[in-house]
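Structural characterization, general
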Amino acid sequence: MQQEKNIKIDIRHVNIFARDVKILKDLNFEVNSNQILGIIGPAGSGKTTFLRSLNRMNELETGWRIDGQILLDGKDIYDSELDVNSLRKRVGIVFALPVALPMSIYENIVYGLRLSGVSDKKRLDEIVEKSLSAAFLWDEVKDRLSLSGLRLSGGQQQRLCLARVLAMEPDVILLDEPCSGLDPISTTWIEDALTELKKKYTIILVTNNTMQAARVADMTAFFLMGELIEIGLTKQIFTAPVKKETSDYITGRFG
Amino acid sequence: MKLLGEKGVERLLSVVAFSAISALGLIAVFIFIEGLPFLFKYGIKDFLLSSDWRPDAGKFGIYPMIAASFWVMLGAMLIGAPLGIAGAIFLAEFVPKTVMNIIKPAIELLAAIPSVIYGFIGVVVLAPVIRDLFGGPGLSLLAGAIILGIMIMPTVISISIDSLLAVPVSFREGSLALGATKWQTVHMLTTKAAKSGIVASIILGMGRAIGETMAVIMVTGNSVMIPHSPLESVRTLTANIALEMSYAIGMHREALFATGVVLFIVIIILNSIASVAIRKKVIVK
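Examining the overall build of chain B
- A tally of regular secondary structure across chain B gives 12 helices and two strands.
- In chain B, the order of α-helices and β-strands from amino to carboxyl end is α-α-β-β-α-α-α-α-α-α-α-α-α-α.
- Along the first, second and third principal axes, the C-alpha atoms of chain B reach 70 × 65 × 35 Å.
- Looking at the 285 residues of chain B, the share that counts as buried comes to 44%.
- The contacts in chain B between residues at least 6 apart in sequence include a share of 71% that link residues at least 24 apart.
- Counting only carbon and sulfur atoms, one obtains 73% of the accessible surface of chain B, whose full area is about 14,200 Å².
- Taking the average place of the 21 positive charges on the side chains of chain B and the average place of its 15 negative ones, the gap between the two points comes to 9 Å.

Structure representation (structure tokens):
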């Protein structure tokens, strides 16, 4: 695999606390552009917390604190000058549970654009088609865009959520176990979409399904109890892990 | 309990529950029996649309009272609904849960204050202020609208908060994750999702405003007149019944019951609309 050294996100000495409990301990690594970084690890190892700290969704909870730096294109995202809402437009997130907003499929997709003040109908139409196609959903819904997003199946709603993020044309897409509630076919749809999308975006995929990381990720990071145990090329992590914990987890000896 | 047994308790409870419903039924039947014959005797059109209310001359036109009730209610809505909804949005979306849990019960307590107290404050505080600021007698349509606007706020706030809080957190998170500010989320998502509950709160408030009697009698002045300005003295449907029932006999008495029929129908309609709206809390298009 061709390796492009183009650092998108630089995580430096990041510690995250929730109510004075240290959830993540001294994280130090880089995420390259146009790659999929898979994050694996047992439940409770801080994967989701880490992901949500990348677009500051953690701030919605109380008693939460971070120290260290997270640089996006060289700029600290926790800088007090930085506008958190525009950060979230650049760093989109797809949650574990598919949640369409209570409005039509069309309005779901253009919701973020309307926030940014885009109102040109033609442009919105174009973006709706483009985003839904990129999320492999267009063919299923193109004739019923005015239907409520809540009427779609779980798998369709999750692709709708992905399309909603894509419509914003973010730099980075975060996915928090996007397939945990989906059937195998929907999972395949999402995975295919991701493989296609990394050409344009930087993707971080948290997954409980180790095999999913093996299938789609370029790089894989293994988290355990709030620590980054190992990060490397997916192939290396799955065939020749350096740390014993990693090989134990991958071969299913614990977790 | 042992004496009655499972079946017995069940039967006893159903009798209790049924008696509450039958009370409503009996009230309805009673009012209609007393009021309906008059409506047909006198003529529904004359009764509702004539503005000549002179019971001693056999003239029973309640149009001035209908107009007064309507305008007082509308004024109360214009004052109470925006304030109530804004308050509900503030409490549900912008203050910490702990603060809301203190303020919301306090607001609900406002509903427990006897209406005569509201009327009293209206007479002593509000009416003189209106008289000094705008002229007129002070005891007026405006005073009624303001007092009722305050009285319906607990209803509007409490039900609106409940329906805002019923909007799933995941919707808000989804919106914020797309870069929406808190206010954009409220304005584009939460209030839309809670719309039916908010509408219901307003309609229930309208019902309350139409039905309120004591406070209204005390602050509106009670002249039987079609209002031409908010500063005029008016008499609502409820006030008319309460003021005249004690000495009314014959046709006069029947006319007051017929007024009750009109009120009853209006309030049943408003409450039915509200309960239908409340049932579908989150709108799924």
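As for the nonpolar core
- With 47 residues, the main nonpolar core has Phe38, Phe47, Trp53, Phe60, Ile62, Ile147 and Leu148 of chain B as its most contacted residues.
- Contributions of two or more residues to this core are made by helix H1 (5-42), helix H3 (63-94), helix H5 (115-134), helix H6 (141-165), helix H9 (195-211), helix H10 (214-220), helix H11 (237-244) and helix H12 (250-279) of chain B.
- Looking at this core element by element, the count peaks at 10 residues for H12 of chain B.
- Leave out the neighbours within four places in its chain, and tryptophan 53 of chain B touches Lys59, Phe60, Gly61, Ile62, Met65, Val224, Asn240, Glu244, His252, Ala255 and Leu256 of chain B.
- In this structure, Ile109, Leu145, Leu182 and Ala217 of chain A belong to the second largest nonpolar core, which totals 39 residues.

A look at the sheet that holds strand E3 (residues 36-40) of chain A
Residues and elements named next belong to chain A.
- Taken together, the six strands give an open sheet; going across it, the order is E6-E7-E8-E3-E9-E10, and neighbouring strands pair in mixed fashion. With partners counted over all chains shown, the strands left at the sheet margins are strand E6 (91-94) and strand E10 (227-233), one partner each. Sheet twist, expressed as the mean angle between neighbouring strand axes with direction ignored, is 15°.
- Pairing geometry for E6 and strand E7 (residues 172-176), over four bridges, is parallel. When the sheet's bridge partners are listed, isoleucine 93 is paired in E7 with leucine 174.
- Packed on one face of the sheet, helix H6 (residues 154-167) meets E6 and E7 and runs near 175° to E6.

With respect to the environment of alanine 277 of chain B
Residues and elements named next belong to chain B.
- When you line up the elements, alanine 277 lands in helix H12.
- Between the C-alpha atoms of alanine 277 and glycine 205, which are 72 residues apart in sequence, the distance is 14 Å.
- Excluding residues within four positions of it along the chain, alanine 277 makes contact with Ser196, Gly197 and Ala200.

Looking at the packing of helix H3 (residues 105-115) of chain A against helix H4 (residues 121-134) of chain A
Residues and elements named next belong to chain A.
- As a packed pair, H3 and H4 sit with axes 10 Å apart at the nearest point and diverge in direction by 115°. On the basis of their axis angle, the class for H3 and H4 is roughly perpendicular. Crossing angle aside, the handedness with which H3 passes H4 is right-handed. Facing Ile105, Tyr106, Ile109, Val110, Leu113 and Arg114 of H3, the residues of H4 in contact are Lys121, Leu124, Asp125, Ile127, Val128, Ser131 and Leu132.
- Grouping the constituent residues of the contact of H3 with H4 by class yields nine nonpolar, one polar and three charged.

Conventions and cut-offs
- For every chain, the first residue of the written sequence is number 1, and numbering continues from 1 along that sequence.
- Written order determines the labels here, with chains lettered from A and ligands numbered from 1.
- Predicted model: local features are reported for residues with pLDDT of at least 70 only, side-chain atom pairs are reported and counted for 80 or more only, and whole-chain, interface and lining totals are derived from all residues.
- Where side-chain values are given, they derive from all heavy atoms of the structure, hydrogens and water being excluded.
- Counting from the N terminus, the helices are DSSP H or I runs at least four residues long and the strands are E runs at least two residues long.
- Residue burial is assigned from relative accessible area. The probe radius is 1.4 Å, only protein chains are included, and a residue is buried under 20% of its type maximum, exposed over 50%, and partly exposed in between.
- Here, two residues are considered to be in contact whenever any of their heavy atoms come within 4.5 Å of each other.
- Each accessible area is a Shrake-Rupley estimate made with a 1.4 Å probe; only the visible protein chains count as cover when residues are assessed.
- None of His or the chain ends enter the tally, which takes Lys and Arg as positive and Asp and Glu as negative.
- In this description, the location of a charge corresponds to atom NZ of lysine, CZ of arginine, CG of aspartate or CD of glutamate.
- Buried Ala, Val, Leu, Ile, Met, Phe, Trp, Tyr and Cys residues form a nonpolar core when they are joined through side-chain atoms within 4.5 Å.
- Strands are treated as partners if at least two bridges between them are detected by DSSP.
- Between the N-to-C directions of two axes lies an angle of 0 to 180 degrees, each axis being a line fitted to C-alpha atoms and, for a helix, fitted only over the stretch in contact.
- If an angle is under 35 degrees, it is roughly parallel; if it is over 145, roughly antiparallel; if it lies from 65 to 115, roughly perpendicular; otherwise it is oblique.
- It is the rotation of the near helix from the far one that decides the hand of a crossing: anticlockwise by less than a right angle makes it left-handed, clockwise makes it right-handed.
- Put simply, Ala, Val, Leu, Ile, Met, Phe, Trp, Tyr, Cys and Pro go in the nonpolar bin, Asp, Glu, Lys and Arg in the charged bin, and everything else, Gly too, in the polar bin.

What is shown is where atoms sit, not what they do.
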